[in-house]
Amino acid sequence: MTCPRSPHSLLAGPQIYQQLLPFCDRLYLTRVYSQVVGDTSVRIPLDEWRCLFVERVAAGSRDSVPSEFSIWQRLAYTVRGPK
């Protein structure tokens, strides 16, 4: 995620992502296509975003599952504070 004035990276849990997402205008999203049992997920309304770039990586000798890296730009950037 990046903020309007300068890029920032965020590695955190889902609550932090949900709190900061309204203030971001660009997403750097990595998806790993694996069926992993877990109790945490982050929902990002991608209909509010435009995909600028996608790179798909097939499973291979270095990675046992396929993945995808994408860059997304918010369609109409306005700061959306807490409700």
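Quick look at the structure, then. (Residues numbered from 1 in each chain as written. Predicted model: local features only at pLDDT ≥ 70, side-chain atom pairs only at ≥ 80, totals over all residues. Heavy atoms only, no water.)

**Focus on the overall build of the protein chain**
Secondary structure summary: the protein chain contains one helix and three strands in total. Going from N to C terminus, the protein chain has its helices and strands arranged as α-β-β-β. When each of the 83 residues of the protein chain is scored for burial, the buried share is 20%. Put simply, of all contacts in the protein chain between residues at least 6 apart along the chain, 57% involve residues at least 24 apart. When the accessible surface of the protein chain is split by element, carbon and sulfur atoms take 54% of a total near 6500 Å². (Helix = DSSP H or I, 4+ residues; strand = E, 2+ residues; numbered from the N terminus. Buried < 20%, exposed > 50% of the residue type's maximum accessible area, 1.4 Å probe, protein only. Contact = heavy atoms within 4.5 Å. Areas by Shrake-Rupley, 256 points an atom, 1.4 Å probe, with all protein chains shown as cover.)

**Brief notes about the nonpolar core**
In terms of nonpolar packing, the biggest core is built from five residues, these being L21, L27, L29, W49 and W72. When sequence neighbours within four positions are dropped, the list of residues in contact with L29 reads I44, E68, F69, S70 and W72. (Core = buried A, V, L, I, M, F, W, Y, C linked by side-chain atoms within 4.5 Å.)

**As for the side chain of R74**
Here R74 is to be found in strand β3 (residues 67-74). Within the local environment of R74, its side chain forms a polar contact with the backbone oxygen of C24, the two atoms lying 2.9 Å apart. (Polar contact = N/O pair within 3.5 Å; in protein donor to acceptor, adjacent residues only side chain to side chain.)

**A short note on the sheet that holds strand β1 (residues 26-32)**
Within a sheet, adjacent strands bond to each other through the backbone by hydrogen bonds, running parallel or antiparallel. Across the sheet, three strands lie side by side as β1-β3-β2; this open sheet has antiparallel pairing. Of all the strands in the sheet, just β1 and β2 (49-57) have a single pairing partner and so form its edges. This sheet shows a mean twist of 15° between the axes of neighbouring strands, independent of strand direction. The sheet contact formed by β1 and β3 spans seven bridges and is antiparallel. Across the sheet, residue V32 finds its bridge partner in β3, namely S67. (Pairing = 2+ DSSP bridges. Axes fitted to C-alpha atoms, helices over the stretch in contact; angles between N-to-C directions.)

**Quick word on the pattern of salt bridges**
Within this structure, the stated rule accounts for three salt bridges. The salt bridge partner of R56 is E68, with a shortest N-O separation of 3.1 Å. In this pair, R56 is assigned in strand β2 and E68 in strand β3, connecting sequence segments twelve residues apart. A cluster of three or more residues bridged by salt bridges with shared partners is formed by R31, R56 and E68. (Salt bridge = Lys/Arg side-chain N within 4 Å of Asp/Glu carboxyl O.)

**As for the environment of I44**
With respect to the secondary-structure elements, I44 resides in the loop between β1 and β2. With a relative accessible area of 25%, I44 lands in the partly exposed category. Through-space distance from the C-alpha of I44 to that of Y17 is 9.4 Å; in sequence the pair is 27 residues apart. Filtering out sequence-adjacent residues up to four positions away, I44 remains in contact with L21, L27, L29 and W49.

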